[in-house]
Each structure stands twice: as structure tokens, then as C-alpha cells.
Amino acid sequence: LNQLPQDAPGRAGTGRGPSTGDDDAARIDGYRRGDPDVFSEVDRWIRIELRHRYPGLLNEHEDLCQTVHQKLLKNIRADRYAGRSTLRTYVTGITQHTAIDRVREIRRQRDGLAALTRVTVADRATRPGVEPLDPKLLHQVLLALPAACRELWRLVFVENLGYQEIGRRLSVPGGTVKSRMWHCKQKAMFAVARLRRVAAQGKRK
Amino acid sequence: MDQTAHGTIHELLPWYLTGTLQPNLAGEFREHLSGCESCRNEMAILEAMRAELGQHGEALLEDHPSAERVVGAVRGELADDDAAAVRRHLALCSTCAEEASWVAGEAAFRDATTDRGGTPRIGRVWSWAAGIAAVLVLGSIPLFLVFGPVGIRTGVVEVHHLESSQRGSAQSNVFARQPGQPVRLILQVDLPPEGFPLRLTLVDGKERTVHSQSGVTSLLDGYLHYVCADADCPAGRYTLEVYESGSTEPALFFDFEVVEP
């Protein structure tokens, strides 16, 4: 970190010396009042963080910056900043998780997993295939399934229960367990097919 | 494979893998497996799932921690128990581990321009637009030959060709109704034969069912012809849901909007 340029992310100061508790108290006061100098300083911290750590979101930096300001103002007004870290560290933390949330949203849209319950024609047309399943992809598939399906997989593969026993556990007939598992299995297969298709498209690009 | 096989034997695959079937059912399933390619393909995936769950247990099924917790864990801002839970997840989840590497400054997120969900480049937009235009022009030729200009008032009847779509897609199908005429749709329905007879439900913009039809047994030249009567379809947004036989979840959606001319 010491070798990074002055505008590198995570640096506690702003070029005017290290940030102190007193400085931060004054900044918070200024930010709350809408002081343009303080706003610019905080804005610069956010932009530096985004530029260095999330260059892939370049087209969205403006929107992300606004979102971070909104969250920061809300937190400051609610006295959520406890002063355990410098204000700059606190701001960069908000910037980080705001950017990660955006990356997650982009990836969910790309993979189509947010709408996994809506099976598309392309899913139906794609066979899951017999190639070995990458554990990373498998984990994505499992987490894309509805909670009820994940519970069924847990009962079958972790607790090793038969369908009659699961039925007793869930107070439903064994036939219902088989039928629910059938739908969960279909969803898993469609998710595998969809993720493999997305991965193949990514490779072609 | 017939409907009965899918309805009974096929459902037993997960328990065949765990060896919890009764011996007679296990034997029956083994026999079924030799003739069922789809079961054999699915078995490979379920085997992988079983092995991973066996190795990592239910931690593999836990939701991703929030972005805030990932950031907090990397920066040492979480309570010990919570931080340990996030670290366990990071050990299993490569996508969250990648996010943690951005927070730690070990890497940067650079691939939005190659992610399909990211903001598209101008060149890509134009190439998509050109592709869609070509498909529309070529796809409309047969309809043009049969019905005349599609979407242009002929004074006889308007016919609209809809490709199957997912609800919420950006596709926009807006039809101006001829006074006193129904809206006629030709729907691309590429469902397997075992999905028939189909059930159709027309749902309006307020999620109310305005028309249902069951027992749709065949298609005309691979397309489903649907007539949306004047009384059923006043101006507004609609979704036609297509259900396969015995299914409670729609297999296909067709979104469209009717406007008064």
C-alpha cells in the first residue's frame, strides 16, 4: 500500500496529512450541512476506490457514487458511524459493498438465475450434458435453487433419508416428496444447462 | 420414455443413488436406467452433487453472505463467529472469494464489458440491432406470402407472429386492434409431444385471468393459433401463459400489449 500513488484506494489521508478523529468530526458536520468542500473530498474518496478496484464498472461509476452518498448520508443522519475507523475507511467500506452488490446484480442478470423458476425454451432445448460438473458451477446451481429444494437435497444427500422418511419429516405423503424432488431436479438440470450455456457464450466472446 | 415412467420410476433417481430404495424398487430402477439416456445423464450431475454435499455438508447450501458481510470479514470488522461463518463460505464459494479479493486489493473487477449483463458497447448494440432486423425481415416473409403485410392494416385481418419469450423480457409486442376485430396471434410453441394437451391462460396486466383454454392437442405447422376476442382483450398489457399437461408452472410466456388504433 505504501508504494501506491497518492490517489490510491484505502489511503487514510487526503494529501493534507493523515485523517484524525477531530478532522472526521468536522467533516461529518460539514457533510451533514452540505458543505461543498467536504462533499467534494468524500466524493473523491469514492471515485478513487471505484476507479482502482472496479474499473469494469466504469460506465456506472456516476450512479454508484450517488448511491454511496445516499447511504452515507442516511447512516450519518442515523448516527451509525461510530468512529471505530477513520471516515475515509468507513466511506470506502460502503463503496466496496455497493459496488459488489452491483456486480452481483449484473451477474444474476447475465446468468438468468434470478428467474430460474421461469424455464425458458433455450433451457428446454439444452441438455445438461454428461461432461464432468465443475464444483464452482455446482455451487452456483445449488444456491440458485429455491430454499425448499435446497432443503430436499439436504435431506436426501446429507441426511441420507428415503422418500418415505422425508415424507414423515415434512408431514406429506411419500408420493408428494417424489413429485417435489422431480421438480427440484428439473430446476437443477435447467440451471446446469443455463450456466453451461452462459459459460460457453463467455468463452466465445 | 412414456408418461408413466416419468411419473414413477424416473422420480426415484436421487434415492437410487443414495441406496435407500427397497431392493425390488432398486432392481426395477436399474433396469429402467439401462434404457433411459436422460436418467443416465442426470445421474452424472446428481453424483457430483452428492459427492460435493458429502464432502462439505450443508454449508454448501447456505446463502451467499451479504456484500456488507464480505467487506466486513475482509477488513476484520465482524464479530468472531460471524467472521468465521463468512470465511467458511469464502472457502467454498469462488464467486464470493473473488469479491473478497477485490476488497483486499489483490485484484480488481474488470470484466463488466465482457459480461452480457454489463452496459453493452455501442458496436455490439448495432450488431444486435442488425441481427434482429435480419431475423424479423426473413421471418416475416412466409407470413407475408400467406396473409399479406404483417402488422399493417389490410382491411381483412391482422395476424401477429410472436416468438416464445420469457416474462419480463425486453421484447415489445404492441398491437393496434382493428375496430370490432379480435387480435390473432401465431405463437411459436416448441414443447415436447409429452407436454400435450396444453392449457392456455391469458392474464391481464393486473395478474387477473381473463381467459382460459385447456385440451389444446395439436399445432398448425408447428405454431399455435390463438384468437384473443374483442371482449376479452380491451386495450392493455397481457401475458399468455402456456402450461404443459399436468404442470402447475407455465412452460412459456408471450407478453403483448393491445392498444386502440
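Scroll up a little and you will see the structure.
As the structure is a computational prediction, the values presented were derived from the model and not from experiment.

Explain the nonpolar core here, please?
Across soluble globular proteins, nonpolar side chains show a tendency to be buried alongside one another. Core analysis: the biggest nonpolar cluster contains 44 residues, and W153(A) and M49(B) have the highest contact counts within it. Of all the secondary-structure elements, those providing two or more residues to this core are α6 (135-144), α7 (147-158), α8 (163-170) and α9 (174-204) of chain A together with α2 (13-18), α3 (23-35) and α4 (37-56) of chain B. With eight residues, the single largest contributor to this core is α9(A). In terms of nonpolar packing, the next biggest core, distinct from the first, is built from 28 residues, I46(A), Y54(A), I76(A) and I94(A) among them.

I tried to follow unusual backbone geometry on my own but got confused; where do I start?
Residues apart from glycine generally show negative phi values, whereas peptide bonds are mostly found in trans. Residue and element names in this part refer to chain A. We note that D79 has phi near 55 degrees; this positive angle belongs to a residue other than glycine. Mapping D79 onto the fold places it in the loop between α3 (61-77) and α4 (87-111). Of note, the phi angle at S171 is positive, near 60 degrees, even though the residue is not glycine.

Would you take a moment to explain the state of the cysteines for this structure?
Every disulfide links exactly two cysteines, by a covalent bond between their sulfur atoms. Residue and element names in this part refer to chain B. Taken as a whole, this structure holds one disulfide over all chains when the rule is applied. Counting only cysteine sulfurs, C93 is the nearest neighbor of C96, a cysteine outside any disulfide, at a range of 3.6 Å. Since its relative accessible area comes to 1%, C96 is described here as buried.

Could you clarify how one ought to interpret the pairing of strand β4 (residues 198-204) of chain B in this entry?
Consecutive residues of a regular strand have side chains that alternate between opposite faces of the sheet. Residues and elements named next belong to chain B. Of all seven residues that make up β4, six are buried, and the element is covered over most of its length. In this structure, β4 lies alongside strand β5 (residues 209-216), joined through five bridges in antiparallel fashion. Considered in β5, the bridge of V203 is made with T209. With antiparallel pairing between neighbouring strands as the criterion, β4 and β5 make up a hairpin whose turn holds four residues, including E207 at a positive phi of roughly 65 degrees. Across six bridges, the pairing between β4 and strand β7 (residues 236-243) is antiparallel. When the sheet's bridge partners are listed, T201 is paired in β7 with E241.

How do you make sense of the pattern of salt bridges when you look at a structure like this?
One side chain can pair with another of opposite charge once the charged atoms of both are near each other. All chains considered together, the criterion is met by 21 salt bridges over all chains. Two residues, R150(A) and D63(B), come together in a salt bridge whose shortest N-O distance is 3.0 Å. A residue pair is termed interchain when its members come from two chains, as with R150(A) in helix α7 and D63(B) in the loop between α4 and α5 (67-74). A salt bridge links R208(B) to D204(B), with the shortest nitrogen-to-oxygen separation between them at 2.9 Å. Under the relative-accessibility criterion, D204(B) is labelled buried at 12%. The network of salt bridges with shared partners includes E151(A), R154(A), E159(A), R169(A) and E58(B).

Could you clarify how one ought to interpret the side chain of K185(A) in this entry?
The residue K185(A) is located in helix α9 in this model. A polar side-chain atom of K185(A) sits 2.6 Å from a polar atom in the side chain of E42(B). Aside from chain neighbours lying at most four places away, what touches K185(A) is W153(A), H10(B), L13(B), E42(B) and L46(B).

What is the right way to look at the pairing of β7(B) in this model?
All names here are of chain B. Judged by how many residues are buried, β7 sits mostly within the fold: six of eight residues are covered. Pairing of β7 with strand β8 (residues 252-259), which is carried by seven bridges, proceeds in the antiparallel orientation. Counterpart to G236 in the pairing with β8 is V258.

Before we go on, may I ask you to explain the packing of α5(B) against helix α6 (residues 80-92) of chain B in this structure?
When two helices pack together, their arrangement is given by the angle between their axes and by how far apart the axes lie. All names here are of chain B. Contact geometry for α5 and α6: axes closest at 9 Å, N-to-C directions at 105 degrees. Between α5 and α6, the interaxial angle falls into the category roughly perpendicular. The segment α5 lies against α6, with R69, V70 and A73 engaging D82, A85 and V86. When grouped by side-chain class, the residues that make up the contact of α5 with α6 number four nonpolar, no polar and two charged.

About the thresholds
- One numbering rule holds for all chains: residues counted from 1, following each sequence as written.
- Written order determines the labels here, with chains lettered from A and ligands numbered from 1.
- The predicted origin of the model limits local features to residues at a pLDDT of at least 70 and limits the giving and counting of side-chain atom pairs to 80 or more, whereas totals for whole chains, interfaces and linings rest on all residues.
- Each side-chain value is derived from all of the structure's non-hydrogen atoms; neither hydrogens nor water enter the calculation.
- Residues enter a nonpolar core if they are buried and are Ala, Val, Leu, Ile, Met, Phe, Trp, Tyr or Cys, with the set joined through side-chain atoms within 4.5 Å.
- Three labels apply to residues, based on accessible area from a 1.4 Å probe with only protein chains included: buried if under 20% of the type maximum, exposed if over 50%, partly exposed otherwise in between.
- Only runs of H or I of at least four residues qualify as helices and only runs of E of at least two qualify as strands under DSSP, and these elements are numbered from the N terminus.
- Note on terminology: pairs of cysteine sulfur atoms within 2.5 Å are recorded as disulfides.
- By definition, two strands form a pair when at least two bridges between them are found by DSSP.
- Each reported salt bridge corresponds to a side-chain nitrogen of Lys or Arg within 4 Å of a carboxyl oxygen of Asp or Glu.
- Under this definition, polar contacts are N or O atom pairs within 3.5 Å; protein pairs additionally need one hydrogen-donor-capable and one acceptor-capable atom, and for neighbouring residues in sequence, both atoms have to be side-chain atoms.
- Here a residue-residue contact requires only that any non-hydrogen atoms of the pair lie within 4.5 Å.
- A fitted line through C-alpha atoms serves as each axis, taken over the contacting stretch for helices, and the angle formed by two N-to-C directions is quoted from 0 to 180°.
- In what follows, roughly perpendicular refers to angles from 65 to 115 degrees, roughly parallel to angles under 35, roughly antiparallel to angles over 145, and oblique to any angle outside these ranges.
- Amino acid classes used here: Ala, Val, Leu, Ile, Met, Phe, Trp, Tyr, Cys and Pro are nonpolar; Asp, Glu, Lys and Arg are charged; the rest, including Gly, are polar.

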